[in-house]
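# Structural characterization, general
These are the residues of each chain, in order.
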Amino acid sequence: TSSLNSPDKGITGVSYYLPYEQHFSVIDGAFKNLETIGLLLEKGHPSSVIDAQGTKEQAEARGITLFTRFLTSKSELLSETKSLKSKVDIFIIGSQALIFDNVKDVVKFAGKVPVVSYSGKSIEGGALFGLVPDDYKLGAMLADSVVDVLINKTPISQVPIKTDPSPELRINKEMKEFHQVEI
């Protein structure tokens, strides 16, 4: 779809994706004088393109150097993490299966470099923090959209794709203490 506010014909719903400005407002607050970011994404996954573009826009707006890596295997993921850790201030990890399945190892290979996530699942696996939409809110918003279309007869193109307006900041307390970061 070309716009979440005015979706293409026949498409509406909810999205787990949050505006990258929201993610970066938290990152800005936690990491002062951030100069470099390593972005780790799964190659070929549709969400990787979205994560790459959103992160790139926010990094450029802040004058941050971004090292984006699209990876195809666990060994490549860990090798790139190890290679980049001396070049970046933080890692941001995407919302793809390759990342989810290996987040503990990514955190281990990152060492003292904090790992921030675009997904709640990765925070549970060892990432430092991230903004996470509430599944129950998304479910209620989806139900509202269904009512708008089926009961109120609102054309689908006039029912925006919704995101959680007030996502939860999830913090891995163990990693917060390890990195001595104020969030």
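Anything mentioned here points back to the structure above.
If you're wondering where the values come from, they're calculated on a predicted model, not measured in any experiment.

Cut-off values and rules
Residues numbered from 1 in each chain as written. Predicted model: local features only at pLDDT ≥ 70, side-chain atom pairs only at ≥ 80, totals over all residues. Heavy atoms only, no water. Helix = DSSP H or I, 4+ residues; strand = E, 2+ residues; numbered from the N terminus. Polar contact = N/O pair within 3.5 Å; in protein donor to acceptor, adjacent residues only side chain to side chain. Contact = heavy atoms within 4.5 Å. Buried < 20%, exposed > 50% of the residue type's maximum accessible area, 1.4 Å probe, protein only. Core = buried A, V, L, I, M, F, W, Y, C linked by side-chain atoms within 4.5 Å. Arc of directions from axis to C-beta. Salt bridge = Lys/Arg side-chain N within 4 Å of Asp/Glu carboxyl O.

Once that is clear, we can look at the side chain of Ser117. As for its position among the elements, Ser117 is in strand S4 (residues 115–117). Separated by 2.8 Å, the side chain of Ser117 and the backbone nitrogen of Ser119 make a polar contact. In this view, Ser117 contacts Ile93, Ser122, Ile123, Ala127, Phe129, Gly130 and Leu131; residues no more than four positions away in its chain are not counted.

Another point: unusual backbone geometry. Positive phi, normally seen in glycine, also occurs at Asn33, with a value near 60°. Inspection of the secondary structure assignment puts Asn33 in the loop between helix H1 (20–30) and strand S1 (36–42). Taking the relative accessible area as the measure of exposure, Asn33 reaches 70% and is therefore exposed.

Bringing the nonpolar core into the picture now. If you look at the biggest cluster of nonpolar residues, it comprises 42 residues, and the most contacted ones within it are Ile27, Phe31, Leu40 and Ile92. Among the secondary structure elements, those contributing two or more residues to this core are H1, S1, helix H2 (46–62), helix H3 (74–84), strand S3 (90–93), helix H4 (97–110), S4 and strand S5 (129–132). The element best represented in this core is H4, accounting for six residues. Setting aside residues up to four positions removed in sequence, Leu40 forms contacts with Arg69, Leu71, Leu77, Thr81, Leu84, Phe91, Ile92, Ile93, Gly94, Gln96, Ile99 and Val106.

According to the relative accessible area criterion, Ser117 is buried, its value standing at 1%. When the C-alpha atoms of Ser117 and Ile92 are compared, they prove to be 5.5 Å apart, with 25 residues separating the residues in sequence.

Let us now look at H3. Helical geometry note: an α-helix holds 3.6 residues per turn, so side chains three or four residues apart project in the same direction. Considered for burial, the residues of H3 that qualify are Leu77, Leu78, Thr81 and Leu84. Buried residues in H3, looked at end-on, bunch into an arc of 135°, giving them a common side. Exposed residues lying more than 90 degrees from the buried face of H3 are Ser75 and Lys82. Buried residues along H3 sit against S1, strand S2 (65–71), S3 and H4.

It is worth spelling out the environment of Ile161 at this point. Along the chain, the position of Ile161 falls in the loop between helix H6 (135–151) and strand S6 (168–171). Judged by relative accessible area, Ile161 falls into the buried class, the value being 13%.

Counting across every chain of the model gives seven salt bridges. In this structure, the salt-bridge partner of Arg69 is Glu80, at a minimum N-O distance of 2.8 Å. Placement of the pair is Arg69 in strand S2 and Glu80 in helix H3, with a sequence separation of eleven residues. You can call Arg69 partly exposed: its relative accessible area is 25%. The residue Arg170 makes a salt bridge to Glu168 at a minimum N-O spacing of 3.1 Å. A relative accessible area of 45% places Glu168 in the partly exposed class. What emerges from the salt-bridge pattern is a single network uniting Glu21, Asp28 and Arg62.

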